[in-house]
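Commentary on secondary and tertiary structure
So you can see what is in the structure, the chains are spelled out below.
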Number of protein chains: 2
Amino acid sequence: MERNRIDEKKPRKPAGAALKRPELTQALYRALFEEWAERGYAAISLERVASRAQAGKAAIYRRWPSKLSFCSDAIKETAVPLVETPDCGSLQEDVQAFLVNLRRVLRHPLVRKILPDLEAERARGGEITSVLDHLAAERRARFQDLIDRAVLRGELGQTVDRDLILDTLPAPLYWRMIVRGQNASRTVLQTQASMLAAALREA
Amino acid sequence: MERNRIDEKKPRKPAGAALKRPELTQALYRALFEEWAERGYAAISLERVASRAQAGKAAIYRRWPSKLSFCSDAIKETAVPLVETPDCGSLQEDVQAFLVNLRRVLRHPLVRKILPDLEAERARGGEITSVLDHLAAERRARFQDLIDRAVLRGELGQTVDRDLILDTLPAPLYWRMIVRGQNASRTVLQTQASMLAAALREA
DNA sequence: ATAGGATGAGACGGTAGCGTTCCGACGTTG
DNA sequence: CAACGTCGGAACGCTACCGTCTCATCCTAT
């Protein structure tokens, strides 16, 4: 009876499938993010998203039951391939590699607009708060690895305040690029890495 | 002819005046900020602001021609008495005093919600962007004073990168309190001040 | 070729806020 | 006392979007 005809999400044949065309789903995600960047989460109009994707409103309501689940899926689908922080040999190099990765993310023009909106929505206690909390937890785990390596190398004491480092590492670059809207050259990253390494050793 | 009957903003007699009652104006400001914190700038409903202040919509439109000018006036009126950064004798003490002032501002429950919304609105290029740019310029001037004093004392070299310091000083506390939503104890401020002073000397 | 399912387009009634305008009530001024 | 201006409240027509629904069309699989 081939019951997988209902379950399958990807095309069985090489060409595009007809069951909830995945290309359209991607187009809807893209249109959503554009709308999101322009208006902010609270003011997203699904009508405009649909027309921006040259789709009908029904195409959205067929896939997701609500704006929240639509946006939640869009974030999860997109934010997963995020920053990787491999071991670069020293604290200073680890920090600099992290900054390079962070800059790559913060450079994206849509991220620059959507990220502050997410923070605002979270501060306000909006409905997407839970989604963001989940992402924040993942982000925190990456930091822990970086700090653990530095402690093992003896670059940081075992009593180091991990919570404070969590504030210190990403904050200056975020502030510069997102809050102040400046760009960050390679020399800026290097100087910031030096300053951060010095700050961490002081903690 | 007593032409000041038109100009005067304050009551001539001890009792409340009738011409655009200033108490009502203040009540409207307060209601605006509450609404702002709950919904965000883009979603502010002047109808709700009015009813929250137990006023009629006309009371708002009699005073301001648009939402932008209403909010703009409210911000300017409120944000002017901002942080002061007096000379405390040393870089480390100056930094710590600045952090204490910043914490005082960021602790306010309405500020915690309105500030991220302002950043998001600014990143989006919304209509209040110009108002915020003006405030940012004032804020920057305060930092220049703090750095100038440290250079004069010989604590920082004359070639120090002021732009980077502009990113480094407020970022970690802002990140901790606003983005992460944590509070900041006195020892947190002290440790951050030490870390920041070490970072600045590295710049 | 044909049947079935997704699609784009758009109509529908409902909700919400806009900005304006009117009203009767009130208090201050003269 | 009378005139005036502001007050709260409410109604106005207007626009935008919601979430549902219908329908002709197109594509794919059988």
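For the structure itself, look to the data block above.
Now for a quick tour of the structure.

Cut-offs and rules
Residues numbered from 1 in each chain as written. Chains lettered and ligands numbered in written order. Predicted model: local features only at pLDDT ≥ 70, side-chain atom pairs only at ≥ 80, totals over all residues. Heavy atoms only, no water. Core = buried A, V, L, I, M, F, W, Y, C linked by side-chain atoms within 4.5 Å. Buried < 20%, exposed > 50% of the residue type's maximum accessible area, 1.4 Å probe, protein only. Contact = heavy atoms within 4.5 Å. Near = heavy atom within 4 Å. Polar contact = N/O pair within 3.5 Å; in protein donor to acceptor, adjacent residues only side chain to side chain. Nonpolar A, V, L, I, M, F, W, Y, C, P; charged D, E, K, R; others polar. Least-squares fit on C-alpha atoms with pLDDT ≥ 70 in both. Helix = DSSP H or I, 4+ residues; strand = E, 2+ residues; numbered from the N terminus. Expected span 1.5 Å × (residues − 1). Phe/Tyr/Trp six-rings, centres within 6.5 Å; stacked < 30°, edge-to-face > 60°. Axes fitted to C-alpha atoms, helices over the stretch in contact; angles between N-to-C directions. Left-handed = near helix turned anticlockwise from the far one by under 90°. Salt bridge = Lys/Arg side-chain N within 4 Å of Asp/Glu carboxyl O. Buried area = accessible area lost by both parts, 1.4 Å probe.

1. A look at the nonpolar core
Of all hydrophobic cores here, the largest spans 64 residues; its most connected members are Leu99, Leu156 and Leu169 of chain A together with Leu99, Leu156 and Leu169 of chain B. In contact with Leu99 of chain B, other than residues within four places in its own chain, are Leu169, Leu173, Leu189, Gln192, Ala193 and Leu196 of chain B. Among the nonpolar cores identified, the runner-up in size contains 28 residues, and Trp64, Ile75, Leu118 and Ile128 of chain B belong to it.

2. Quick word on the protein's contact with DNA strand D
Neighbouring DNA strand D are 20 residues, the closest being Arg48, Lys57 and Tyr61 of chain A together with Arg62 and Arg63 of chain B. When atoms of DNA strand D within 4 Å of the protein are split into backbone and base, the sugar-phosphate part holds 72%. Between Ile44 of chain A and DNA strand D, the recorded distance is 3.5 Å, taken from a backbone N or O atom to a phosphate oxygen. Contacts to DNA strand D include Leu46 of chain A, whose backbone N or O atom sits 3.0 Å from a phosphate oxygen. Taken together, the residues of the surface near DNA strand D sort by class into nine nonpolar, three polar and eight charged.

3. Here we look at the relation of the copies chain A and chain B
Mapping chain A onto chain B calls for a screw motion: a turn of 180 degrees about the axis and a shift of 0.0 Å along it, with 0.0 Å RMSD after fitting. Here the symmetry operator amounts to a two-fold rotation axis. By residue overlap, the copies meet face to face through one surface: 100% of the interface positions of chain A are interface positions in chain B.

4. Some points on helix α6 (residues 91–107) of chain B
With 17 residues, α6 of chain B extends 24 Å from end C-alpha to end C-alpha; this agrees with the ideal 24 Å at 1.5 Å per step. On its buried side, α6 of chain B packs onto α7 (109–123), α8 (129–153), α10 (171–179) and α11 (186–202) of chain B.

5. Some remarks on helix α5 (residues 67–79) of chain A
All names here are of chain A. Between its first and last C-alpha, α5 extends 18 Å over 13 residues, near the 18 Å set by a 1.5 Å rise per residue. The set of residues buried in α5 consists of Lys67, Phe70, Cys71, Ser72, Ala74, Ile75 and Ala79. Packing partners of the buried residues in α5 comprise α2 (22–39), α3 (46–52), α4 (57–63), α7 (109–124) and α8 (129–153).

6. Section: the protein's contact with DNA strand C
In the region of DNA strand C, 19 residues are neighbours, and Arg62 and Arg63 of chain A together with Arg48, Lys57 and Tyr61 of chain B sit closest. Within 4 Å of the protein, the atoms of DNA strand C are drawn from sugar and phosphate moieties in a proportion of 70%. Contact between DNA strand C and Ile44 of chain B: a phosphate oxygen at 3.3 Å from a main-chain N or O atom of the residue. In this structure, Lys57 of chain B approaches DNA strand C through a side-chain N or O atom, which is 2.8 Å from a base oxygen. Contributions of two or more residues to the surface near DNA strand C are made by α4 of chain A together with α3 (46–52) and α4 (57–63) of chain B. Of the residues belonging to the surface near DNA strand C, the class tally is seven nonpolar, three polar and nine charged.

7. Topic: the packing of aromatic side chains
Inspection of every chain in the model, using the stated rule, returns 14 aromatic pairs over all chains. Considering the side-chain rings of Phe98 of chain A and Phe143 of chain A, the 5.2 Å spacing of their centres and the 65 degrees angle between planes classify their relative orientation as edge-to-face. Of the two residues, Phe98 of chain A is situated in helix α6 (residues 91–107) and Phe143 of chain A in helix α8; the sequence distance between them amounts to 45 residues. For Phe98 of chain A, a relative accessible area of 6% puts it in the buried group. Taking relative accessible area as the criterion, Phe143 of chain A reaches 5% and is therefore assigned buried. With a centroid separation of 5.5 Å and 45 degrees between ring planes, the pair formed by Tyr29 of chain B and Trp64 of chain B is classed as tilted.

8. Quick look at the packing of α7 of chain A against α8 of chain A
Residues and elements named next belong to chain A. Here α7 crosses α8 at 115 degrees, and the two axes come no closer than 9 Å. Considering only the axes of α7 and α8, their crossing is left-handed. On α8, the residues that touch Leu118, Glu121 and Arg122 of α7 are Thr129, Leu132 and Asp133. Class assignment of the residues belonging to the contact of α7 with α8 gives a composition of two nonpolar, one polar and three charged.

9. Notes on the pattern of salt bridges
The tally for this structure, following the rule as stated, stands at 38 salt bridges over all chains. The salt bridge partner of Glu155 of chain A is Arg153 of chain A, with a shortest N-O separation of 2.9 Å. Take Glu155 of chain A: its relative accessible area is 29%, and that puts it in the partly exposed class. The partner of Arg180 of chain B in a salt bridge is Asp163 of chain A, and the shortest N-O contact between them spans 2.9 Å. Taken together, the residues span two chains, with Arg180 of chain B in the loop between α10 and α11 and Asp163 of chain A in helix α9 (residues 162–168).

10. Section: the interface of chain A and chain B
Across the boundary between the two partners, chain A contributes 40 residues, which contact 40 residues of chain B. For the pair chain A and chain B, the summed buried area comes to about 3600 Å², and 61% of that belongs to carbon and sulfur atoms. Contact with chain B buries surface across chain A, with Arg124, Trp175 and Met195 of chain A losing the most and accounting together for 21% of the total. Remark: the boundary between chain A and chain B carries ten salt bridges. One salt bridge in this structure joins Arg180 of chain A and Asp167 of chain B, with 2.3 Å as the shortest N-O distance. For the pair chain A and chain B, the number of links is 14 residue pairs in polar contact (both at pLDDT 80 or more). Listing elements by their share of the side of chain A that touches chain B, those giving two or more residues are α2, α7, α9, α10 (171–179) and α11 (186–202) of chain A. Residue composition of the side of chain A that touches chain B, grouped by class: 19 nonpolar, seven polar and 14 charged.

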